[in-house]
Amino acid sequence: MIILGADLSPTSSGLVKFILDEDMKILDIQKLGFCAYTVPKKKDFKVPEYKDIIIYEESKYDFYNRTIMMTEYIFEFIKDVDYAIIEDYSYGSTSSGNFTDIAEMCSQVKFQLLRQGTKIRLISPLQVKQFAGNGKHEKPDMEDEFNKIESQKIDVSYLPEIPIHKRGKFVGLRDRNGISPRSDLIDSYWMCYLLYNELLVKTHTIDVECLSEKYKHVLTHTTPKNKIPLIRRDFIQKNV
């Protein structure tokens, strides 16, 4: 079985997939990220190179051509995925960029997954944060919690680190918005790890009571808006 976590955006998507054996053990973890760069006014500038990361010069791509470029890589990466978990739109956010561009780009990936028979789980940004910690985590906190995980995970040590504010009221603190592609991949890992735990329960590999309290909470709690817990919610799948 192959499962996918996807943090999709028109500029810096991050994707992580777990390759599982028939006993639900993790055999391998693969990743794909994107990172735009701007050309500084230096004659000796060299384009950065990172393993599993697509680097591109943002000024050369408008939204449509950038989307085509990114989805060509993404479609190849996701073609063998059985289950996928994708972060749903942050409807209440004022810092999520151009909502229309995000929706247009993300929908292409979702429909490609559905066409090929992948079962999809949409997850709210809050639930991802709750799974990683206390639900109020910013990008640096998500990374700190990621570093504590003892399970198999992706290597992001060679990627650019979250910058630290040098002035202003946040001086000395890491940028809460994180940095691409490092933060995008960590978010994607958290989503894939959440889906992995859900499938462990659904395949009766483990009992839900064996999960940590924070993992169990995300899978089993309800709200007035979402009365069906995640663990009992149907996957989105092609049925036409």
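Structure shown above.
Figured I'd write up the structure that's included with this text. Being a predicted model, the structure only gives us computed values, none of them experimental.

Concerning the packing of helix H3 (residues 125-132) against helix H5 (residues 182-202)
Then, in step 1: Interhelical geometry of H3 versus H5 gives an angle of 80° and a closest axis separation of 10 Å. Here H5 runs roughly perpendicular to H3, going by the angle between their axes. Of H5, the residues touching H3 (which contributes Gln127, Val128, Phe131 and Ala132) are Asp187, Trp190, Met191, Tyr193, Leu194 and Asn197.
Then, in step 2: The residue makeup of the contact of H3 with H5, split by class, is seven nonpolar, two polar and one charged.

Side note on the state of the cysteines
Then, in step 1: Inspection of the entire model under this criterion finds zero disulfides.
Then, in step 2: Cys192 provides the cysteine sulfur closest to Cys106, a residue in no disulfide bond, and the two sulfurs are 17 Å apart.
Then, in step 3: Among the residues examined, Cys106 registers a relative accessible area of 3% and is labelled buried.
Then, in step 4: By relative accessible area, Cys192 is classed as buried at 0%.

Notes on the sheet that holds strand E3 (residues 26-37)
Then, in step 1: Read across the open sheet, the six strands follow the order E4-E3-E2-E1-E5-E6; overall the sheet is mixed. With partners counted over all chains shown, the strands left at the sheet margins are strand E4 (53-57) and strand E6 (119-123), one partner each. Neighbour-to-neighbour, the strand axes of this sheet turn through a mean angle of 15°, independent of strand direction.
Then, in step 2: Bridging between strand E2 (residues 14-20) and E3 involves seven bridges; their strand directions are antiparallel. Looking across to E3, one finds that Val16 is bridged to Lys31.
Then, in step 3: Helix-sheet contacts for helix H1 (residues 63-78) involve strand E1 (2-7), E2, E3 and E4, and the interaxial angle to E3 is about 175°.
Then, in step 4: On the sheet, helix H2 (residues 99-115) packs against E1, strand E5 (83-87) and E6 and is oriented at approximately 150° with respect to E6.

Details of the pattern of salt bridges
Then, in step 1: The final tally for this structure, using the stated rule, is 13 salt bridges.
Then, in step 2: Across the salt bridge formed by Glu57 and Lys60, the nearest N and O atoms sit 3.5 Å from each other.
Then, in step 3: Between Glu213 and Lys216 there is a salt bridge, with the nearest N and O atoms lying 3.3 Å from each other. Of the two residues, Glu213 and Lys216 both sit in helix H6 (residues 213-220), three residues apart, roughly one turn of that helix.
Then, in step 4: By relative accessible area, Lys216 is classed as buried at 14%.
Then, in step 5: Ionic contacts of the salt-bridge type, sharing partners, join the residues Arg121, Glu198 and Lys202 into one network.

Concerning unusual backbone geometry
Then, in step 1: At the junction of Ser180 and Pro181, the peptide bond is cis and its omega measures out at 0° in the coordinates.
Then, in step 2: Of note, Pro181 is situated in the loop between helix H4 (139-148) and H5.
Then, in step 3: With phi around 70°, Met24 is a residue other than glycine that occupies positive phi space.
Then, in step 4: By secondary structure assignment, the location of Met24 is in the loop between E2 and E3.
Then, in step 5: On the basis of relative accessible area, Met24 is assigned to the buried category, the value being 5%.

Overview of the pairing of E5
Then, in step 1: By the criterion of burial, E5 is predominantly enclosed, with four of the five residues buried.
Then, in step 2: As paired elements, E1 and E5 share four bridges and run parallel to each other. Within E5, the position partnered with Leu4 by the bridge is Ala84.
Then, in step 3: As judged from the five bridges shared by E5 and E6, these two strands associate in the parallel manner. The residue bridging Ile85 from the neighbouring strand is Arg121, located in E6.

Focus: the packing of aromatic side chains
Then, in step 1: Considering all chains together, one arrives at 15 aromatic pairs under this definition.
Then, in step 2: Here the aromatic rings of Tyr56 and Tyr61 are separated by 5.7 Å at their centres, their planes lie at 85°, and the arrangement is edge-to-face.
Then, in step 3: Exposure remark for Tyr56: the relative accessible area of 3% places this residue in the buried category.
Then, in step 4: With centroids separated by 5.3 Å and ring planes inclined at 80°, the aromatic side chains of Phe146 and Tyr189 adopt a geometry described as edge-to-face.

Cut-offs applied
Residues numbered from 1 in each chain as written. Predicted model: local features only at pLDDT ≥ 70, side-chain atom pairs only at ≥ 80, totals over all residues. Heavy atoms only, no water. Axes fitted to C-alpha atoms, helices over the stretch in contact; angles between N-to-C directions. Helix = DSSP H or I, 4+ residues; strand = E, 2+ residues; numbered from the N terminus. Parallel < 35°, antiparallel > 145°, perpendicular 65-115°, else oblique. Contact = heavy atoms within 4.5 Å. Nonpolar A, V, L, I, M, F, W, Y, C, P; charged D, E, K, R; others polar. Disulfide = S-S within 2.5 Å. Buried < 20%, exposed > 50% of the residue type's maximum accessible area, 1.4 Å probe, protein only. Pairing = 2+ DSSP bridges. Salt bridge = Lys/Arg side-chain N within 4 Å of Asp/Glu carboxyl O. Phe/Tyr/Trp six-rings, centres within 6.5 Å; stacked < 30°, edge-to-face > 60°.

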